[in-house]
Amino acid sequence: VDSNLFRYDGFDFHRMEFPEKHTQGNLNALFCDREGTMWVGLTDGSLFTWSVGGTLSYMALPLSDRINRITEGPDRKIWIITQTNGIYLADAGGGDKITRLSLPDGYVVFDISFDGVETILVATQDNLRLCTLSGDKLVEKSSFPELEYTTVHTISQMYDDTWFAGTDYAGLCMIRRFNGML
């Protein structure tokens, strides 16, 4: 299956093919972890990994839908963010063990960012939410009244105490920690 994903070896570009039976989606998220493994997330919820000298390998994610973001967390795990079916955690390097964190009901997640180990900023269809982990669940602690009913597509940390959130119609919003509060 044509992936529209290419590998450059220093001289030429080489098309990388997805295993035929595993995907019908389009490329949506890429991340290269500290072990050199490339993580590839697709719009149909398919997840693949690739390491130098290998081929794209399929990783099964039960209940997965659109993968919007792949990143490394402060726990050094790879965080795979799906739109509505939870967040998956995996070991760097593409190990076989993958665990799933469930989301609060009704969340449509586009992106996440971390505020240390404890707090996770979650960009959703109707606000930016501050969440914490409780076992295998993400638990909402608060949200931003200024962003009520606003789709937040992306959240990015710029400094230790500053994040920027990209929204549909409210523009680019700066979130800053002040006196220990976001």
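Residues numbered from 1 in each chain as written. Predicted model: local features only at pLDDT ≥ 70, side-chain atom pairs only at ≥ 80, totals over all residues. Heavy atoms only, no water.

Caption draft 1: Local environment of the environment of Ile80. Among the structural elements, Ile80 can be located in strand 8 (residues 78–82). When its relative accessible area of 0% is taken as the criterion, Ile80 is described as buried. For the pair Ile80 and Ala170, spaced 90 residues apart in sequence, the C-alpha separation works out to 27 Å. In this structure, Ile80 is in contact with Trp39, Leu47, Leu61, Ile67, Arg69, Ile70, Gly86, Ile87, Tyr88 and Ala90, ignoring residues within four places of it in sequence. (Helix = DSSP H or I, 4+ residues; strand = E, 2+ residues; numbered from the N terminus. Buried < 20%, exposed > 50% of the residue type's maximum accessible area, 1.4 Å probe, protein only. Contact = heavy atoms within 4.5 Å.)

Caption draft 2: Looking closely at the state of the cysteines. Per the stated rule, a full pass over the model turns up 0 disulfides. Among the cysteines around Cys173, which has no disulfide bond, Cys131 carries the closest sulfur, lying 18 Å off. (Disulfide = S-S within 2.5 Å.)

Caption draft 3: Quick peek at the packing of aromatic side chains. What the rule picks out here adds up to 3 aromatic pairs. On the numbers, 4.7 Å between centres and 40 degrees between planes, the contact of Tyr8 with Phe13 is tilted. For Tyr8, a relative accessible area of 47% gives the class partly exposed. Residue Phe13 is classed as exposed on the basis of its relative accessible area of 63%. (Phe/Tyr/Trp six-rings, centres within 6.5 Å; stacked < 30°, edge-to-face > 60°.)

Caption draft 4: Fine view of the sheet that holds strand 7 (residues 67–72). One open sheet accounts for 4 strands, arranged 7-8-9-10; its pairing is antiparallel. Of all strands in the sheet, those bounded by a partner on one side alone are strand 7 and strand 10 (98–101). Neighbour-to-neighbour, the strand axes of the sheet open up by a mean angle of 20 degrees, direction not taken into account. Where strand 9 (residues 87–90) meets strand 10, 4 bridges bridge the pair, whose relative direction is antiparallel. Within strand 10, the residue paired with Tyr88 across the bridge is Arg100. (Pairing = 2+ DSSP bridges. Axes fitted to C-alpha atoms, helices over the stretch in contact; angles between N-to-C directions.)

Caption draft 5: Spatial organisation of the sheet that holds strand 6 (residues 57–59). Here we have 4 strands laid out as an open sheet, ordered 3-4-5-6, and antiparallel in their pairing. The sheet is open, and its two borders are formed by strand 3 (27–32) and strand 6, each paired with just one other strand. Going from strand to strand, the sheet's axes swing by 25 degrees on average, the running direction of each strand aside. Bridge analysis of strand 5 (residues 47–50) against strand 6 gives 3 bridges, and the strand direction is antiparallel. Considered in strand 6, the bridge of Phe48 is made with Tyr58.

That's the geometry; what it means functionally is another story.
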